[in-house]
Amino acid sequence: MQRIFGRPAALTGIPFHYCPGCPHGIVHRLVAECLDELGVCERAVGIAPVGCAVFAYNYFNCDMIQAAHGRAPAVATGVKRVQPDAVVFTYQGDGDLAAIGTAEIVHAATRGERITVVFINNAIYGMTGGQMAPTTLVGQETTTTPRGRDASYHGHPVRVSEMLALLDGAAYVARVSVHAPGHVNRAKRALRRAFEVQLENRGFSLVEVVSACPTNWGMTPVEALRWVEQNMLPYYRLGEFKVPGQGEA
């Protein structure tokens, strides 16, 4: 019998530890499918973050390194410079990348480091108890903003993709979502393009994935996906913000 669907070779058989309804599993699969299709799993090196995906090294069937909180782009930079033929990617959440790791991601992008960053934006600190993150929406309730985020006091949510797309070293920057099947397919195309940009030695690439956190949002998985569409996507506009060749003479 012909096999038409199965686990990507780039994923191990270890069951995910993520909460029910968490989209991390979807994004893991998409990244693994890209590694398989591009034939680069044997030379791929992934950098695991501190956050919900801290155990990513258990799930990807390639070399993995655990980085200190926020430092994944710095670790990835070192790996890529020592092993320029390696396909290096980081997998980071918004607390890891957009808070403690702001300096690392900005400078990796502006230097044009030939790495690929997978950035999960679920507008909250997931692993540590649901605190406000840099990406938390105005009015959104968290454990540290029980009355909702107040822009006059807490500041405005950070739009990471728009910010990094302004940097000359960034070659490809896109924001996608995985809240519906059609969007999952588009997310896969963006992730594959990000890896292709690295393989073409064009520079830094990042794909931001607008995601959900049913547990810390206090919602069912279905409610959380609906909340993504109704509340996150109006603020975090989907699309490609930087493509290869943009801004070049």
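Above: the structure in question.
The notes below deal with the structure included here. Just so it is clear, the structure is predicted and the values come from calculations on it, not from any experiment.

## Here we look at the overall build of the protein chain
Here comes step 1: Looking only at helices and strands, one finds nine helices and seven strands in the protein chain.
Here comes step 2: Here the protein chain has a C-alpha radius of gyration of 17 Å; the compact-globule value for 249 residues is 18 Å, and the two agree.
Here comes step 3: Overall, the C-alpha framework of the protein chain stretches about 55 × 50 × 30 Å when taken along its three principal axes.
Here comes step 4: The contacts of the protein chain with a sequence gap of at least 6 include a subset with a gap of at least 24, amounting to 66%.
Here comes step 5: Surface accessibility of the protein chain: about 11200 Å² in total, with carbon and sulfur atoms responsible for 54%.
Here comes step 6: The positive charge centre, built from 22 side chains, and the negative charge centre, built from 21, are 2 Å apart in the protein chain.

## Let's talk about the packing of helix α1 (residues 24-38) against helix α7 (residues 181-199)
Here comes step 1: Where α1 meets α7, the axes come as close as 9 Å, and the angle between the chain directions of the two elements is 45°. As far as their axial angle goes, α7 and α1 are oblique. Every pair of crossing elements has a handedness; the one defined by α1 and α7 is right-handed. Two secondary-structure elements touch here, α1 through I26, L30, V31, E33, C34, L35, E37 and L38 and α7 through V184, A187, K188, L191, R192, F195, E196 and L199.
Here comes step 2: Across the contact of α1 with α7, the residue classes break down as 11 nonpolar, no polar and five charged.

## Describing helix α4 (residues 102-110)
Residues spaced three or four apart along an α-helix face the same direction, because each turn holds 3.6 residues.
Here comes step 1: Looking only at α4, the buried set comprises E104, I105, A108 and A109. One side of α4 holds all its buried residues, which, seen down the axis, span an arc of 120°.
Here comes step 2: Of the residues flanking the end of α4, it is G112, one or two places downstream, whose phi is positive at about 70°.

## Side note on the pattern of salt bridges
Here comes step 1: Considering all chains together, one arrives at 13 salt bridges under this definition.
Here comes step 2: Residues E113 and R111 are paired through a salt bridge, measuring 2.6 Å at the closest nitrogen-oxygen approach.
Here comes step 3: The class for R111 is partly exposed, based on a relative accessible area of 44%.
Here comes step 4: Between R193 and E196 there is a salt bridge whose closest N-O contact spans 3.5 Å. Residue R193 and its partner E196 are both found in helix α7; the two are separated by three residues, about one turn of the helix.
Here comes step 5: Through salt bridges with shared partners, a single ionic network connects R29, E33, E37, K188, R192, R193, E196, E200 and R202.

Cut-off values and rules
- Residues numbered from 1 in each chain as written.
- Predicted model: local features only at pLDDT ≥ 70, side-chain atom pairs only at ≥ 80, totals over all residues.
- Heavy atoms only, no water.
- Helix = DSSP H or I, 4+ residues; strand = E, 2+ residues; numbered from the N terminus.
- Rg over C-alpha atoms; globule rule 2.2 N^0.38 Å.
- Contact = heavy atoms within 4.5 Å.
- Areas by Shrake-Rupley, 256 points an atom, 1.4 Å probe, with all protein chains shown as cover.
- Lys, Arg positive; Asp, Glu negative; His and termini not counted.
- Charge placed at Lys NZ, Arg CZ, Asp CG, Glu CD.
- Axes fitted to C-alpha atoms, helices over the stretch in contact; angles between N-to-C directions.
- Parallel < 35°, antiparallel > 145°, perpendicular 65-115°, else oblique.
- Left-handed = near helix turned anticlockwise from the far one by under 90°.
- Nonpolar A, V, L, I, M, F, W, Y, C, P; charged D, E, K, R; others polar.
- Buried < 20%, exposed > 50% of the residue type's maximum accessible area, 1.4 Å probe, protein only.
- Arc of directions from axis to C-beta.
- Salt bridge = Lys/Arg side-chain N within 4 Å of Asp/Glu carboxyl O.

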